Structures are given as structure tokens and as C-alpha cells.
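A structural walkthrough
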Amino acid sequence: MIFAIVAFVVLLLIGMPVAVVMALSGLAGGFSMGGEQMLSIIADRMFAGVSGFMLIAVPYFIFTAELMNQGGLTQKLIDFNNALFGRVRGALSHVNISVSVFFAGLTGAAITDTVAIGKIMIPEMKRQGYDAEYAAAITACSSIIGPIIPPSIVMVIYATLLRDISVIDLFAGGIIPGLLMALALLAVSFFLAWKRGYPKQAPTPLKAAGLAFLVALPAMFVPVIILGGILSGLTTITEASGFAAVYAIVIGVVFYRNLTWKKIWDALIVTVRFSGVVFFLLATSAVLGWFVTRSGIAQDAAGLIIGFSDSMFLQLLLVCLLLLLVGTVMDVLPALVVVAPVLVPAMIQLGVDPLHFAILMIVVLNIANVTPPVGMTLMTAARIADVPFERAIIASLPFYFAFAAVILLLVTFPALSTWVPSLLK
């Protein structure tokens, strides 16, 4: 076990890709446990990690998101939300958050949200007098709502890694936490807009607001297709994701008429590239997960957590802090596939509801996605805004209080994660 841990830490510190680190450390652990005969099952483990039928939904979700971007559907959602907040001080800041809520039901990936919304919203916010670093911060911080409100690629991966929870329960469990995240960010956004005197916009006439709603309505039906089919039991997650991609093509080509064959091809290329990264991570994580299961690391982790405190509340806070620390050096998916096989069995052994902990883990790891030194969504937004990463970090500090409040609520009240799934039983 020590051999594998040392290999993992050393390879990570020298800058090896996370997927390679997981494969080699799992390989080292298997060799230390049983010699050469243990190595014969590595290929089988890698295949098992990517052979789940449900994983077909991942490229479909990515494809749907890219079709929405290429077809200009993001702009339609922004126009509608701008009509809602137009007369309020700091309108574009609030629009940025509310659009992320709508966009979360279309994509399920934070980076996709950041790029799609940021390329439109950040230049416009700068033009209207918002600080560039603030525009980057609000875009990045709101984009992490994407993997929390279903559909969520992260949740699909979680359900594949830990098969004790259905993806339907995960999707349902993320609804309230995602909305709580949006409300907390809006509270900070309203306060900063009032304190800093951010600009208002001219009120949108009722007729124009109604027209913006009608134009955006076809785009807003995408989450209805996905969630409605899955939660009602009419479709599987894979079927729903496929229907959503077909629907996105139809409305982009027929209704909005700005989705060309070249744009569809470009969306396919992005889908293949992103899916390749995701599936390679899953394949190598299966090797590491196999070693973690065989080595008993989960039981050791449970004992370590109990050693700090016998209070469930403090134990969960301690694990959240650990997840935040992991998330500062790793992106969400690699962090999930590394820590979930260790922490989930340990927390279940301590009596934590597995669905509650799953949602908590997903929320915290996504929050870590806007914390330095990695913070991929914040780094991406800073590049779009053309500001130094350090300035974007400072501008994000007020929103960290909103994140802390959401984490405390989820730790204190497990029903926030489990109530909606219980209605589906």
C-alpha cells in the first residue's frame, strides 16, 4: 500500500497527467500486493471502467451542450434573463447567475458553462462598466451550478464509479442544492451591486420581454426532455440524452436556423475530444479503485476520521475540508475518481447516508473548481476577461462566503439532498 501511495504522490508532484498517475500507482499497488499475477487483471479493470451502458450518455450531453453553443441558443437564454433583471441595479451580474441555472439543465459541465456564457457576458459586462475581474469571478462562480443541477456529467461518472446510488437519485438530489447555490450567489451579487453602484439597464417593455420568452422557450424545453423523461421513468438516462441531442439539432436547424452542417461537425469534434479525456480518466481510475478496494484503505480512512471526532457534523466538515484541499490541485473529475472510492465506503461505514454524502461531495468538489491554484473555471473566465488570474481570485472572495453557507446547510440538513429523491420512490 505504501508503495502505491508513494508512487501516486511522486508522479503527481512531477507533473504527470492525472490519468497516467492513477494507472501507474494502481499498477504499483497491484504488483506490491501479489506480484506479476496481479498485473494480468489490469487491462480487464480498465475495460470494466468504461463498459457501462449508462456512460453512453456522457458524449450525448457534451454534444448537446456544444450544439446549444454553436446554434446560438445561449444568447437566447441571456436575452430572456436580461429582460427579467433589466431594471435592477447590477442586472448583468444577476443575469450571469440566472442564465447558469437555465444552462445547467442543458449541459452538466462547468467549463462548458464558463466558455458559453463568458464569451457573451464578460465583454458586455466590461462594456457597461463592470470590473473585468468581477465579470470573470461571477461567471466562474456561477458556472459550477452546471454540474449540480441535473443533468450532470459528474453525477453520471459518480453513479458509474459507485454503483450503490442510481443516477436518477443523484439527479433529483442535486436540484435543491443547485438552487440554493444560485440563491446564495444572487444574495452576494445584489449586495455587491448596491455597494459598488453597478449600472442599471433600461426597463424592458412587456411586449419585448414576452417576445424574448417565446424565442427562448424552445431552448428551455431541453431540460424538460432530459429530466422529464428520466424522472418520470419514460426513458433511461441514455435515451434522454440522445433525444436531447436530436432535439437540439432540430431547433437549431429548423426553428433558429443558425445551426449549419459545419457547426454540427465542429460540435462533434469537440465532443470526441472531451469524451476521450473523460473515458481515459474512467479507465485508469478503475485500476486505482480496484487497488483501493483490495488494500483496505477505506477502512483506514474511516478510522482516521473517527480519531478526530465522534461527531457526525464535525466528521463531515473535516471531509469537506479535505475535498476542498484536493480540489485546489485537481480538476473535478480527476478528484472525484481518486477520492470517491476511498471516502464513500468510509463515510457509509460511519453511518452517513450515501446519497447525502454523494451530493455533498459533488458540491464541494465543484466549489473547489474556483479555488487556486488550479481552479479551471476561474482560470478560463480570467482568460476570457483578459485579466490576471490573481485578480480574478481576489474578486471571487465574496462569493466564497456564499459557498461556505451552502456547504454548512447541506452538512446540517441532509434532507436538502434526500427529500426530492424520496418523492420518486
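Note that the structure is predicted; figures quoted are calculated from it, not measured. (Residues numbered from 1 in each chain as written. Predicted model: local features only at pLDDT ≥ 70, side-chain atom pairs only at ≥ 80, totals over all residues. Heavy atoms only, no water.)

1. Structural notes on the overall build of the chain
A count of helices and strands for the chain gives 22 helices and zero strands. Put simply, the chain shows about 17,500 Å² of open surface, and 72% of that area lies on carbon and sulfur atoms. (Helix = DSSP H or I, 4+ residues; strand = E, 2+ residues; numbered from the N terminus. Areas by Shrake-Rupley, 256 points an atom, 1.4 Å probe, with all protein chains shown as cover.)

2. Topic: the nonpolar core
Nonpolar side chains in soluble globular proteins tend to be buried together. Membership of the largest hydrophobic core comes to 123 residues, with the highest contact counts inside it found for Ile157, Tyr158, Met181 and Met361. Once you skip the residues sitting within four places of it in the chain, methionine 181 turns out to touch Ile144, Ile145, Ile148, Val363, Ile367, Phe403 and Val406. (Core = buried A, V, L, I, M, F, W, Y, C linked by side-chain atoms within 4.5 Å. Buried < 20%, exposed > 50% of the residue type's maximum accessible area, 1.4 Å probe, protein only. Contact = heavy atoms within 4.5 Å.)

3. Concerning helix H22 (residues 415-423)
Think of an α-helix as turning once every 3.6 residues; residues three or four places apart then point the same way. All of the buried residues in H22 are Ser417, Val420 and Pro421. Along the axis of H22, the buried residues cluster in a sector spanning 100°; they form a single face. Elements that come into contact with the buried residues of H22 comprise helix H11 (167-173), helix H12 (175-196), helix H19 (354-367) and helix H21 (389-412). (Arc of directions from axis to C-beta.)

4. What to know about the pattern of salt bridges
Using the criterion set out here, one finds three salt bridges in the structure. The shortest N-O distance in the salt bridge between glutamate 133 and arginine 391 comes to 2.7 Å. One end of the pair, glutamate 133, is in helix H9 (residues 132-143); the other, arginine 391, is in helix H21, and 258 residues separate them in sequence. In this structure, aspartate 266 and lysine 262 form a salt bridge, with 3.1 Å as the shortest nitrogen-oxygen distance. (Salt bridge = Lys/Arg side-chain N within 4 Å of Asp/Glu carboxyl O.)

5. Focus: the side chain of threonine 64
Counting through the fold element by element, threonine 64 comes out in helix H5 (residues 57-70). Only 3.3 Å separates the side chain of threonine 64 from the backbone nitrogen of alanine 245, close enough to count as a polar contact. (Polar contact = N/O pair within 3.5 Å; in protein donor to acceptor, adjacent residues only side chain to side chain.)

6. A short note on the packing of helix H8 (residues 110-127) against H9
The interhelical angle for the contact between H8 and H9, taken along N-to-C directions, is 150°, at an axis separation of 9 Å. Compared by their axis directions, H8 and H9 come out roughly antiparallel. Here the hand of the crossing between H8 and H9 comes out right-handed. Contacts from Ala110, Asp113, Thr114, Gly118, Ile122, Met125 and Lys126 in H8 reach Ala132, Tyr134, Ala135, Ala136, Ile138, Thr139 and Ser143 in H9. Residues belonging to the contact of H8 with H9 are distributed by class as follows: eight nonpolar, four polar and two charged. (Axes fitted to C-alpha atoms, helices over the stretch in contact; angles between N-to-C directions. Parallel < 35°, antiparallel > 145°, perpendicular 65-115°, else oblique. Left-handed = near helix turned anticlockwise from the far one by under 90°. Nonpolar A, V, L, I, M, F, W, Y, C, P; charged D, E, K, R; others polar.)

7. A look at the packing of aromatic side chains
Summed over the entire model, instances satisfying the criterion amount to six aromatic pairs. A ring pair is formed by tyrosine 134 and tyrosine 198, whose centres lie 5.0 Å apart and whose planes are at 35°; its orientation type is tilted. One end of the pair, tyrosine 134, is in helix H9; the other, tyrosine 198, is in the loop between H12 and helix H13 (206-232), with 64 residues separating them in the sequence. Among the residues examined, tyrosine 134 registers a relative accessible area of 1% and is labelled buried. Assessed through its relative accessible area of 4%, tyrosine 198 is described here as buried. Taken together, a centroid distance of 6.2 Å and an interplanar angle of 35° make the contact between tyrosine 400 and phenylalanine 403 tilted. Placement of the pair is tyrosine 400 and phenylalanine 403 together in helix H21, with a separation of three residues, close to one helical turn. Ring-pair connections join several aromatic residues into one group, and the members of that group are Tyr130, Tyr134, Tyr198 and Phe399. (Phe/Tyr/Trp six-rings, centres within 6.5 Å; stacked < 30°, edge-to-face > 60°.)

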